[in-house]
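Reading the structure
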Amino acid sequence: MNELGPSPLAAGERNLSVDEARAAIAAALVPLARSESRELPLAEAAGRVLAADVISPIDVPAYDNSAMDGYAFAGAALAAGAPTVLRAAGIVFAGKPFTGAVATGHCVRIMTGAMMPVGADTVVPLELAQVDGSPESGLVNIAPGVIRPGENRRRQGEDLARGRPALTAGRVLRPADLGLVASLGMTTLRVMRPLRVALFSTGDEVVEPGAPLPAGCIYDSNRFSLGAAVRRLGMEVVDLGLVRDDPQALASVVQRAVREADVVITSGGVSAGDADYTREILARHGEVGFWKVAMRPGRPFAFGPLRRPGSEAPSWLFGLPGNPVAALVTFYAFVREALLVLAGAAPAPLPVLTARSAAAIRKRPGRTEFQRAIVEPAAEGGGWQVRLSGSQGAGVLRSMSEANALVVLGHGQGSVAAGEPVAVWLFEGLV
Ligand code: AMP
Ligand code: MG
């Protein structure tokens, strides 16, 4: 592909709010083609993105059945204002349909889930019936007013009618979805192929964990936190390791990344002070914008499409800040949802919890701040309370590790007083 087409991503520096950056990313993305899907057994489909609507081949339930343990009979037999007395004429179990029909003045003992016999449309629960004699042949008394015609019958197709969509394409498959599909008698699902995400860290000072740590150096943590975040989305990581601050090394890793992956995530090396060759090299491969997003942590950010030899679809570059917390926060703020969209998913908006801040938080308007925090049930008055989890320095991973949430203070928002409600992104589900 030679032309990436007109793009909203002007190269060069741009100052953007978090919302503007999210919108610019969303406007640019082109998801994987639906043709890149395959059929998978249900047991392997959890967490994958559904590629085509699932149309129910059957009615659910497949037949009228009893919602209760009790006696099935024709509701028309119910007398108004007087007891109804019916003669029991057999018993019907789940999985063993009744062969005869229920005659007028009769009923049959029925188990929950058993098929409604011909001639019956109502079930009186066991505890509302007085039985005189054997349950299968005695007299069943129903007091007036305890039951109405048609009650306790589950109708064929009431949960899902044959030919209706049970699940729609773009869904990230959850346990209940797989149960639902199995309940339709299906054994496989058409799912998108997993997104391939190349990941590398940059910086001469960054060292592979396990190696000795020379003076002035730091172990690479970003590849591990970001790699885990990507894998938790059900995607494949192509680990391209550590890359020196060197044009040749960067050029060759970018070449390899676009050959192998749909997305390239880098950390470090996109700050204003960083060497210009990053921009030059990326500019050679595509149309990458370098943004100053009004947020904390995580200001420098690069995003845009890179050309892939022999492919129509580009590889999407996300250049994250090197600071370990900033790298993760920008991942959650911009990359997570973008990856889901690229993978063919239709992600639901992230649920945002409102919690009372245990203490005052200083904040200045004009940028979005993400603060590491611990959300817990409020000691008094119900609801949730949130407190910051420690030092908020952009490199302090410990307070990120101890946190279970991010407090998100919006662009226009000022300082927060103790007890004031704040918006919170829970890590549960997010990470
Ligand atoms: P940079 O964005 O390259 O200017 O890096 C900002 C800060 O993050 C510097 O202190 C780097 O040492 C640190 N840093 C960059 N990459 C990593 C990494 N992969 N793991 C841990 N720290 C990093
Ligand atoms: Mg660096």
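Residues numbered from 1 in each chain as written. Chains lettered and ligands numbered in written order. Predicted model: local features only at pLDDT ≥ 70, side-chain atom pairs only at ≥ 80, totals over all residues. Heavy atoms only, no water.

1. Points about the nonpolar core
- By size, the foremost hydrophobic cluster in this structure holds 53 residues, and its most contacted members are I265, F318, F331, F334 and L339.
- Here the element with the most residues in this core is helix α6 (residues 324-342); it accounts for 13 residues.
- Among the domains, domain 1 (8-32 + 194-342) and domain 4 (353-429) are the pair contributing at least three residues each to this core.
- Of all hydrophobic cores here, the second largest spans 22 residues; its members include V243, V253, Y277 and V288. (Core = buried A, V, L, I, M, F, W, Y, C linked by side-chain atoms within 4.5 Å. Buried < 20%, exposed > 50% of the residue type's maximum accessible area, 1.4 Å probe, protein only. Helix = DSSP H or I, 4+ residues; strand = E, 2+ residues; numbered from the N terminus. Domains from an automatic or database assignment.)

2. Structural notes on the sheet that holds strand β6 (residues 84-92)
- With respect to topology, six strands assemble into an open sheet ordered β8-β5-β7-β6-β10-β9, the strand pairing being mixed. One side of each edge strand has no neighbouring strand; the edge strands of this open sheet are β8 (122-125) and β9 (129-132). For this sheet, the mean angle separating the axes of adjacent strands, direction not counted, is 40°. (Pairing = 2+ DSSP bridges. Axes fitted to C-alpha atoms, helices over the stretch in contact; angles between N-to-C directions.)

3. So, the pairing of strand β10 (residues 139-142)
- Covered by surrounding structure in β10 are V140 and I142 only, the residues L139 and N141 on the alternate face being uncovered.
- Pairing geometry for β6 and β10, over four bridges, is antiparallel. Opposite R87, over in β10, you have L139 as the bridge partner.
- Bridge count for β9 against β10 is four bridges, and the pairing is antiparallel. When the sheet's bridge partners are listed, V131 is paired in β10 with V140.

4. Here we look at the site of ligand 1
- Taken together, the neighbourhood of ligand 1 is formed by 16 residues, with E205, D220, G269, G322 and N323 sitting nearest.
- Taking S201, its side chain carries an N or O atom lying 3.4 Å from a nitrogen atom of ligand 1.
- Here an oxygen atom of ligand 1 and a side-chain polar atom of E205 are 2.6 Å apart.
- When isolated, ligand 1 has an accessible area of 480 Å², and the protein chains bury 79% of it.
- For the shell around ligand 1, the secondary structure elements donating two or more residues are β14 (196-202) and β16 (218-219).
- Per-class residue counts for the shell around ligand 1 are four nonpolar, ten polar and two charged. (Near = heavy atom within 4 Å. Polar contact = N/O pair within 3.5 Å; in protein donor to acceptor, adjacent residues only side chain to side chain. Areas by Shrake-Rupley, 256 points an atom, 1.4 Å probe, with all protein chains shown as cover. Nonpolar A, V, L, I, M, F, W, Y, C, P; charged D, E, K, R; others polar.)

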